[in-house]
Amino acid sequence: MSSGWFETVAEAQRRAEKRLPRSVYKALLAGSERGLTYRDNIEAFGELGFAPHVAGMPADPQLGTTVLGQEIALPVIISPTGVQAVHPEGEVAVARAAAARGTAVGLSSFASQPIEEVVAANDKTFFQIYWSGDRATMERRLQRAQEAGAKAIIATLDWTFAHGRDWGSPTIPEALTPKAMLSFAPEVALKPRWLLDFARSGALPDLTTPNMAERGEKGPTFFGAYGEWMTTPPPTWEDIAWLRSQWDGPFLLKGVCRIDDARRAVDAGVSAISVSTHGGNNLDGTPGAIRMLPGIADAVGDQVEVLFDSGVRRGGDVVKALALGARAVMIGRAYLWGLAANGQAGVENVLDIMSGGIRSAMLGLGRTSVQELTREDVLIPEGFTRELGA
Ligand SMILES: Cc1cc2nc3c(=O)[nH]c(=O)nc-3n(C[C@H](O)[C@H](O)[C@H](O)COP(=O)(O)O)c2cc1C
């Protein structure tokens with residue numbers, strides 16, 4: 001076992017915090033305002049229980065399933081994250097790790113590496129797009145994704161651009177010029193291993209977004225891209241139906257919290273939705289995402305694939321989400337911490353922690369395949385669920 005191996009996602013988080021400059025660690029932690037939703041995403045999982053058997057269990061629980069038309073070896077995929085400067089290999093390392101474990105990767109529009117390189121590392125790549133810029137620009141982004149070989153689109157709509165967090169937002173420079181590096185010198189100097197990784201790769205952390213431009217172009221800076229998104233008027237449901245009609249293949253609408261929105265997403269023609277609070281980075285005070293999953297799965301689960309993300313830190317959480325109606329889950333911070341702690345091997349490590357935990361929970365529950373999981377497998381306390389927009 002390599003020395004960088006870790007036992008839990010909690011340990012990966014501790015190592016990420018130790019290794020990364022403070023601003024970069026804070027950018028990964030994210031969250032908004034008071035952090036109510038951030039915390040409830042995680043704590044709500046702790047309110048759900050299991051009732052394990054001791055005999056008559058399956059020897060080898062089966063974890064495989066399909067999502068957005070792709071076969072995956074475990075019901076966990078990589079959620080798109082636009083965070084930069086965690087590791088020199090960034091999204092390509094994450095894509096390779098997911099491929100090594102037989103699963104799919106979501107690539108953010110705000111990623112630091114071009115989609116063509118990510119698809120070369122993992123052919124099960126789903127490209128995430130924002131409602132950003134004009135229609136012609138969005139069409140070109142979809143076309144590039146299609147030419148690159150993306151298997152599905154993830155449209156992310158859930159962000160209210162919350163301002164401020166009580167634990168402080170990081171300072172992220174526009175570009176890593178020598179002047180900007182100097183202003184980061186004290187905190188970077190405290191994290192020599194992080195800097196050494198970049199020094200070895202011969203590149204500074206790249207703060208541009210190549211997938212927001214034409215293929216081969218450098219792309220705007222992170223803030224340039226963010227500015228375009230912030231100043232684009234939010235989409236109507238007709239806009240979403242239009243966006244969906246521009247993509248010939250599976251289309252996931254990410255960030256649904258309400259039953260009425262889930263129904264509108266179905267009407268707009270999407271093939272999948274994800275119940276998500278953007279990991280607690282959106283409107284603070286939204287209940288933990290897992291509380292909203294059962295109501296939404298009941299309302300639209302027979303019409304579209306229902307995925308889930310926000311707060312997943314272990315395999316048992318994955319099993320709980322599947323039991324409550326998700327087909328698969330997406331993870332965010334868990335793999336970012338793995339990446340920060342140990343590069344590609346760290347992301348593989350996180351996926352192995354997930355598989356191990358899923359197997360362990362399925363064994364206790366006496367379930368042979370992930371498709372067999374039902375609500376009876378979980379102890380749900382009274383008053384646990386939230387049905388928003390019912
Ligand atoms: C640092 C960070 C950056 C993110 N960037 C994006 C993004 O660019 N696009 C997107 O659709 N979601 C983004 N997300 C949300 C994740 O895809 C996912 O919904 C969330 O992380 C799930 O919660 P978890 O971190 O508790 O697993 C980001 C999340 C974090 C923590």
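Residues numbered from 1 in each chain as written. Predicted model: local features only at pLDDT ≥ 70, side-chain atom pairs only at ≥ 80, totals over all residues.

- If you look the chain up in an unreviewed UniProt entry, it shows as L-lactate dehydrogenase (Cytochrome)/glycolate oxidase from Barrientosiimonas humi.
- Under the heading Cofactor (unreviewed entry), UniProt records this for the chain: "FMN". (UniProt positions renumbered as here; feature names shortened; annotations may be inferred.)

**With respect to the overall build of the chain**
Okay, so step 1: Counting secondary structure elements, the chain contains 15 helices and 10 strands.
Okay, so step 2: Computed over its C-alpha atoms, the radius of gyration of the chain comes to 20 Å, within 12% of the 21 Å expected for a compact globule of 390 residues.
Okay, so step 3: Dimensions along the principal axes, computed over C-alpha positions, put the chain at roughly 60 × 50 × 40 Å.
Okay, so step 4: Excluding contacts between residues fewer than 6 apart, the proportion of contacts in the chain whose partners are at least 24 apart in sequence is 74%. (Helix = DSSP H or I, 4+ residues; strand = E, 2+ residues; numbered from the N terminus. Rg over C-alpha atoms; globule rule 2.2 N^0.38 Å. Contact = placed C-beta atoms within 7 Å.)

**Topic: the environment of V256**
Okay, so step 1: Counting through the fold element by element, V256 comes out in strand β7 (residues 251–256).
Okay, so step 2: C-alpha separation for the pair V256 and V275, spaced 19 residues apart in sequence, amounts to 4.8 Å.
Okay, so step 3: In contact with V256, other than residues within four places in its own chain, are D261, A262, A265, I273, S274, V275 and I296.

**A look at the nonpolar core**
Okay, so step 1: The biggest cluster of nonpolar side chains holds 110 residues, and the ones touching the most others in it are I153, L252, I273, L293, A326 and V329.
Okay, so step 2: Tallying contributions element by element places helix α15 (residues 333–365) first for this core, with 16 residues. (Core = buried A, V, L, I, M, F, W, Y, C linked by C-beta atoms within 7 Å. Buried ≥ 20, exposed ≤ 12 C-beta atoms within 10 Å, placed from the backbone.)

**Thoughts on helix α9 (residues 192–201)**
Okay, so step 1: The element α9 is largely exposed, with a buried count of one among its 10 residues.
Okay, so step 2: At the C-terminal side of α9, G202 shows a positive phi close to 75 degrees.

**Considerations on the site of the ligand**
Okay, so step 1: Around the ligand lies a shell of 26 residues, among which S79, G82, T156, G279 and G332 are the nearest.
Okay, so step 2: Sorting the residues of the shell around the ligand by element identifies α2 (22–29) and α15 as the ones contributing at least two each.
Okay, so step 3: Partitioning the shell around the ligand into residue classes produces nine nonpolar, 14 polar and three charged. (Near = placed C-beta within 6 Å. Nonpolar A, V, L, I, M, F, W, Y, C, P; charged D, E, K, R; others polar.)

**A word on the environment of L20**
Okay, so step 1: With respect to the secondary-structure elements, L20 resides in the loop between α1 (9–19) and α2.
Okay, so step 2: Setting aside residues up to four positions removed in sequence, L20 forms contacts with Y25, K191, W194 and A340.

**Examining the UniProt feature "binding site: glyoxylate" (unreviewed entry) in the chain**
Okay, so step 1: In the numbering used here, UniProt assigns the "binding site: glyoxylate" (unreviewed entry) feature to R165 and H278.
Okay, so step 2: Within the secondary structure, R165 sits in the loop between β6 (152–156) and α7 (178–183).
Okay, so step 3: In this structure R165 comes out as partly exposed when scored by C-beta crowding, with 19 C-beta atoms within 10 Å.
Okay, so step 4: Every residue in contact with R165, bar those within four places of it in the chain, is listed here: G31, S32, E33 and G35.
Okay, so step 5: The residue H278 is located in the loop between β8 (272–275) and α13 (289–300) in this model.
Okay, so step 6: Among the residues examined, H278 registers 28 C-beta atoms within 10 Å and is labelled buried.
Okay, so step 7: Sequence-distant contacts of H278, that is, excluding residues within four places in its chain, are made with D158, W159 and G255.

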